[in-house]
Amino acid sequence: MLIAVVLLALPLAVIAQQNEVQQDRAQQDGAQQDALPVEDIQTFAEVFERIKRAYVEEVDDSTLLRNAMRGMLSELDPHSAYLDKDEFESLRETTQGEFGGVGIEVGLQDGQLTVITPIDDTPASRAGLQARDAILRIDDTPTDRLSLQEAVNLMRGEPGSEIRLTILSQGADAPREVTLTREVIRTESVKSELLEPGFGYLRVSQFQNRTGEQVGDAITAMQRDGPLEGLVLDLRNNPGGVLQAAVDVADVFLDEGLIVYTEGRLNGAGMRFSANPTTIAADVPLVVLINGGSASAAEIVAGALQDQRRGVVMGTGSFGKGSVQQVMPLGNGEGLKLTTALYFTPNGRSIQAQGIEPDVEVVRGRVEVAETSRLEVREADLQGHLENRNGPRQRSELSERLREDYQLGEALNLLKALNVLSQRDR
């Protein structure tokens, strides 16, 4: 019996020993993955020492280390950044919707400072800056060596002060210089009006903390004179903003289903946002306008409404910023803005570097009326013709606006067609 017990115990001891060895190896592998690369750290220290000793001007240790951290983050992607205390405050101002500057959202594309979109009713939009314009210089400073945050800091300043931007537009033969006067930029993110009785227009210029609430209020106001027969949701040149605000806006038009989800490496980076059953505009026919300046949160809304077949997306392809940035405070009062996840539409489409393609492509343009032939004769040209009892036709302000904004005109026409088709089906 004793021999049998010993024989049984030996294999168990061997198995336990093998398990311990496997656990030790796993721990060693994990430690190796987490360990700092000693040779690279030594190289960094050597570069640091040589700069301190041989650079043409003396540089203090703090500046060198912060520059190294900025470089480490900027090389990850265009949206990750090291934030000092002033940059923290700048980020807070942008989210709350008030800051001193020219009203322009910028990003880095292939290392070039590029306009994502000008904000409505600001010096940048009034000067005619467009999405994808390249900014070559800010005053006398070339932008090719600036980080994104450094460029933003240069463009912001005291209201009333001037700033010169050297701009190269797509398709232009040569750059042009634009002088702008900084203003206090108070961005009202939502504007609305009735284009015609029953047909509303809702403009969302960016997504701030209260944007969802403001969209609901605007739709309620437009419905006071009767139900809406159609609505244009204009997200053109919308640079994005607060994720929750995008979810709230999409939720206004959806009463069920997924709106957006995120995936990342951190615990908690994977999030899912779904629509609530209570909404004020679940059945209003909807056309969503997007273009190359529609980014991030604007793409979330457009993608959700498109995947849920809730509205027709019209315009041109969007910008393609589908990443989530998390602001992480540091012990010294500064912080990191770090990309931690990617957005996905309800159908699992990644927005990153792809964007949202419209259901109906309509390029921005202006309706031009061709000159009629001098030989063409109409009733109004005949001598002694009878006048219309209602008097001569006056071109309305709306018709002039639709001539200037071809995409908006086509959106209104589509809504009217959808309304006619829905009436036939009743």
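Bear in mind that the values here come from a model prediction, so they are computed numbers and not experimental data.

Turning our attention to the overall build of the protein. Counting secondary structure elements, the protein contains eleven helices and 19 strands. When contacts within the protein are restricted to residue pairs at least 6 apart in sequence, those whose partners lie at least 24 apart make up 68%. Entry remark: accessible area of the protein is about 25200 Å², with carbon and sulfur atoms responsible for 50%.

For the structure shown, the criterion picks out 17 salt bridges. A salt bridge links Arg66 to Glu334; its shortest N-O distance comes to 3.3 Å. Pair noted here: Arg66 is in helix H3 (residues 61–74) and Glu334 is in the loop between strand E17 (323–329) and strand E18 (335–344), with a separation of 268 residues, a long-range link. Two residues, Arg126 and Glu183, come together in a salt bridge whose shortest N-O distance is 2.4 Å. Highlighted residues: Arg126 in helix H5 (residues 123–126) and Glu183 in strand E9 (residues 183–186), separated in sequence by 57 residues. Taking relative accessible area as the criterion, Arg126 reaches 53% and is therefore assigned exposed. The structure contains a network of salt bridges with shared partners spanning Asp120, Arg203, Asp234, Arg236 and Asp405.

Here we come to the packing of aromatic side chains. Within the structure shown, the criterion is met by two aromatic pairs. Judged by centre distance (5.2 Å) and plane angle (15°), the ring pair of Tyr261 and Phe344 falls under stacked. Residue Tyr261 is found in strand E13 (residues 258–264), and its partner Phe344 is found in strand E18; the two are separated by 83 residues along the sequence. Each of the two residues, Tyr261 as well as Phe344, counts as buried. A cation over an aromatic ring shows up here: Arg272 above the ring of Tyr261, its NZ or CZ 5.4 Å from the ring centre.

Our focus in this paragraph is the sheet that holds strand E10 (residues 190–196). The six strands lie next to each other as E10-E11-E12-E15-E16-E19, forming an open sheet whose pairing is mixed. Each end of this open sheet is capped by a strand with a single partner; those strands are E10 and strand E19 (360–361). Here four bridges tie strand E15 (residues 286–290) to strand E16 (residues 312–315), and the two strands are oriented parallel to one another. Following the sheet pairing, Val287 is matched in E16 by Val312. Of the strands in this sheet, strand E12 (230–234), E15 and E16 touch helix H9 (residues 297–307), which is tilted by about 140° from E15.

This part takes up the nonpolar core. Counting residues in hydrophobic clusters, the biggest one holds 44 residues, and the most contacted among them are Phe207, Ile219, Leu233 and Phe253. Elements with a contribution of two residues or more to this core: strand E11 (199–204), helix H7 (211–222), E12, helix H8 (243–253), E13, E15, H9 and E18. One finds Leu113, Val115, Ile135 and Leu165 within the second-largest nonpolar core, a separate group that totals 19 residues.

By the secondary structure assignment, Gln407 is in helix H11 (residues 406–425). Owing to a relative accessible area of 1%, Gln407 belongs among the buried residues under this scheme. Here Val362 takes part through its backbone oxygen, which lies 2.7 Å from a polar atom of the side chain of Gln407. Sequence-distant contacts of Gln407, that is, excluding residues within four places in its chain, are made with Arg236, Leu289, Met314, Gly315, Thr316, Val362, Val363 and Arg364.

On to unusual backbone geometry. Look at Asp110: it is not a glycine, yet its phi comes out positive at around 55°. One non-glycine residue, Asp121, lies in the positive phi region at around 55°. Tracing the chain through its elements places Asp121 in the loop between strand E4 (112–118) and H5. Its relative accessible area of 52% is what places Asp121 among the exposed residues.

Among the surface-exposed residues, Val47, Ile51, Tyr55 and Val56 lie close enough to one another that they form a single nonpolar patch of about 400 Å² accessible area. Judged by relative accessible area, which is 32%, Ile51 ranks as partly exposed.

Every buried residue of helix H10 (residues 397–404) is accounted for by Leu398, Leu402 and Arg403. Down the axis, H10 shows its buried residues gathered within 140° of arc, on one side only.

With that out of the way, let us pick up the pairing of E17. Across seven bridges, the pairing between E17 and E18 is antiparallel. Each bridged residue has a counterpart across the sheet, and for Pro329 the counterpart in E18 is Gly335.

Moving on, we get to the environment of Asp110. When you line up the elements, Asp110 lands in the loop between strand E3 (104–109) and E4. Note: C-alpha distance between Asp110 and Pro78 (32 residues apart in sequence) is 9.0 Å.

Attention shifts here to the pairing of E12. The element E12 is extensively covered by neighbouring structure, given that five of its five residues are classed as buried. Residues Gly230, Val232 and Asp234 line one face of E12 and the alternating positions Leu231 and Leu233 line the opposite face, and both faces are buried. Of the pairings in the sheet, the one linking E11 to E12 comprises five bridges and is parallel in character. Paired with Leu202 across the bridge in E12 is Leu233. In terms of handedness, the path from E11 via H7 over to E12 forms a crossover that is right-handed. Bridging between E12 and E15 involves four bridges; their strand directions are parallel. Paired with Leu231 across the bridge in E15 is Leu286.

Scoring rules and cut-offs
Residue numbers restart at each chain and count upward from 1, following the sequence in its written direction. Local features are withheld for residues below a pLDDT of 70 in this predicted model, meaning they are given only at 70 or higher, and side-chain atom pairs are given and counted only at 80 or more; totals for whole chains, interfaces and linings count all residues. Neither water nor hydrogens contribute to the side-chain values; these are computed over all heavy atoms in the structure. Helix and strand labels come from DSSP, where a helix needs a run of H or I of at least four residues and a strand needs a run of E of at least two; each type is numbered from the N terminus. Contacts are residue-level and defined by heavy atoms, with any inter-residue pair within 4.5 Å sufficient. Reported accessibility uses the Shrake-Rupley method at a 1.4 Å probe radius. Residues are deemed covered only where the shown protein chains occlude them. Whenever Lys or Arg places a side-chain nitrogen within 4 Å of a carboxyl oxygen from Asp or Glu, that contact is recorded as a salt bridge. Under the scheme applied here, a residue whose accessible area is under 20% of the maximum for its type counts as buried, over 50% as exposed, and between as partly exposed, the area being computed with a 1.4 Å probe on protein chains only. Centre distance within 6.5 Å is the pairing criterion for rings of Phe, Tyr and Trp, where only the six-membered ring of Trp is used; planes under 30 degrees apart are then read as stacked, over 60 as edge-to-face, and the remainder as tilted. Comment: the charge-over-ring label is applied if NZ (Lys) or CZ (Arg) is within 6 Å of the ring centre and within 35 degrees of the ring normal. Between any two strands, pairing holds if DSSP finds at least two bridges. For helices, the axis comes from a line fit to the C-alpha atoms of the stretch in contact; other axes are also lines fit to C-alpha atoms, and the angle between any two N-to-C directions lies between 0 and 180 degrees. Each nonpolar core is a collection of buried residues, namely Ala, Val, Leu, Ile, Met, Phe, Trp, Tyr and Cys, held together in the definition by side-chain atoms within 4.5 Å. A 3.5 Å cut-off defines polar contacts: any pair of N or O atoms within that distance qualifies, except that in protein one atom must be a possible hydrogen donor and the other a possible acceptor, and neighbouring residues in sequence count only when both atoms are side-chain atoms. Nonpolar side chains (Val, Leu, Ile, Met, Phe, Trp, Tyr) are joined into patches within 5 Å and like charges within 9 Å, using only residues with over 30% relative accessible area and no salt bridge. In this description, one arc is meant: the one made by directions from the helix axis to the C-beta atoms. If you view a crossover with the strands going away from you and the path from the first strand over the helix to the second runs clockwise, you call it right-handed.

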